[in-house]
Amino acid sequence: MKETICTIPINDIFNLHDGCPFCRMYEMLENQYATFITGSAMMDPETRVATNKKGFCPRHFEKIVEVGKRLPVALILETHLDFIDKEILPKKAGKPDKKALHKIEEITDSCYICDRIQFDIQHFLQTVFVEWANSEEFKKLYKSQDFICLRHYTEVMKYANAKMPSKHLTDFHKDTLNLTRNYLDILKSDTTHFCRMFDYQNRGADWGNSKDAIERDIKFLSGYLDRLAT
Ligand SMILES: [Zn+2]
Ligand SMILES: [Zn+2]
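Just so it is clear, the structure is predicted and the values come from calculations on it, not from any experiment.

Reading guide: rules and limits
Residues numbered from 1 in each chain as written. Chains lettered and ligands numbered in written order. Predicted model: local features only at pLDDT ≥ 70, side-chain atom pairs only at ≥ 80, totals over all residues. Heavy atoms only, no water. Helix = DSSP H or I, 4+ residues; strand = E, 2+ residues; numbered from the N terminus. Buried < 20%, exposed > 50% of the residue type's maximum accessible area, 1.4 Å probe, protein only. Contact = heavy atoms within 4.5 Å. Donors = N, O, S within 2.8 Å, 3.2 Å for Na, K, Ca; no water. Tetrahedral: all angles 85-135°; square planar, octahedral: opposite > 155°, others 65-115°. Phe/Tyr/Trp six-rings, centres within 6.5 Å; stacked < 30°, edge-to-face > 60°. Axes fitted to C-alpha atoms, helices over the stretch in contact; angles between N-to-C directions. Parallel < 35°, antiparallel > 145°, perpendicular 65-115°, else oblique.

A closer look at the side chain of Lys139
Of note, Lys139 is situated in helix H8 (residues 136-143). Relative accessible area serves as the criterion here: at 17%, Lys139 is assigned to the buried category. If we skip the residues at most four places from it in the chain, Lys139 touches Trp132 and Asp175.

So, the coordination of the zinc ion (ligand 1)
On the protein side, the zinc ion (ligand 1) has Cys20 (SG), Cys23 (SG), Cys149 (SG) and His152 (ND1) as donor atoms, found 2.0 to 2.4 Å from it. Considering all 4 donor atoms around the zinc ion (ligand 1), the spread of angles at the metal, 98 to 116°, places the coordination shape in the tetrahedral class.

Some remarks on the packing of aromatic side chains
Summed over the entire model, instances satisfying the criterion amount to 17 aromatic pairs. With a centroid separation of 6.0 Å and an interplanar angle of 80°, the aromatic rings of Phe14 and Phe22 are classed as edge-to-face. The class of Phe14 is buried, set by a relative accessible area of 0%. Phe22 gets classed as buried once you look at its relative accessible area, which sits at 2%.

A word on the packing of H8 against helix H10 (residues 166-196)
Geometrically, a packed helix pair is captured by the angle between its two axes and the distance between the axes. Viewed as axis vectors pointing N to C, H8 and H10 meet at an angle of 30°, and their least axial separation amounts to 9 Å. Classed by the angle they form, the pair H8 and H10 counts as roughly parallel. On H10, the residues that touch Lys139, Tyr142 and Lys143 of H8 are Phe172, Asp175, Thr176 and Leu179.

Remarks on the coordination of the zinc ion (ligand 2)
Every protein donor of the zinc ion (ligand 2) is listed here as Cys57 (SG), His60 (ND1), Cys111 (SG) and Cys114 (SG), and their distances to the metal cover 2.0 to 2.3 Å. Because the angles between the 4 donor atoms bound to the zinc ion (ligand 2) fall within 102 to 116°, the donor set is best described as tetrahedral. The class of Cys114 is partly exposed, set by a relative accessible area of 27%.

Below you can see the structure in the form of structure tokens.
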């Protein structure tokens with residue numbers, strides 16, 4: 001895969017305190033890719049071949065429709081449909097061909113944008129590990145994040161286990177786990193408060209920070225659901 005076309009400004013992402021920094025990075029990248037595909041890369045044959053072959057996941061189909069103009073989106077779909085017609089879907093009915101079904105499954109399960117982001121995330125994490133190990137200032141910035149969502153806690157720690165020098169790993173894990181665990185405590189308390197507010201004995205009581213507990217729970221548990229963010 002060729003080098004990323006996206007720039008990942010690590011300090012910009014970590015300087016903004018608003019939810020999980022890795023979700024922010026993910027959202028920034030998917031916006032950049034959707035804009036790139038429906039804009040400057042529209043006529044780039046290499047990109048078109050890749051989008052024809054991979055297609056998009058439901059989230060990123062929605063994203064290209066959201067950020068792209070109608071014609072570029074339709075042109076991308078036109079050649080994608082043509083690829084499916086010529087290369088993927090069987091021409092004639094008959095005994096179902098396992099290979100052909102597998103090819104269809106592959107295309108419905110793959111996404112050009114998800115694949116590009118996955119590749120970029122590894123580079124981004126590498127930079128995060130280096131900054132965290134070498135800069136006290138960045139370490140403070142990392143610790144001061146609102147939280148790290150459950151999905152990114154796992155992703156970050158899996159990659160850290162494989163790539164981070166072991167002398168930093170314990171402390172890095174401590175900082176990362178704190179961000180996830182402390183927020184879990186807050187969510188548990190807000191969610192319990194939310195549920196209790198439905199008890200008639202609490203009629204008229206203060207909702208505190210619990211009003212958007214459901215949306216924050218889901219965002220924490222699944223990551224990426226920016227539309228649910230409040
Ligand atoms: Zn996240
Ligand atoms: Zn996707």
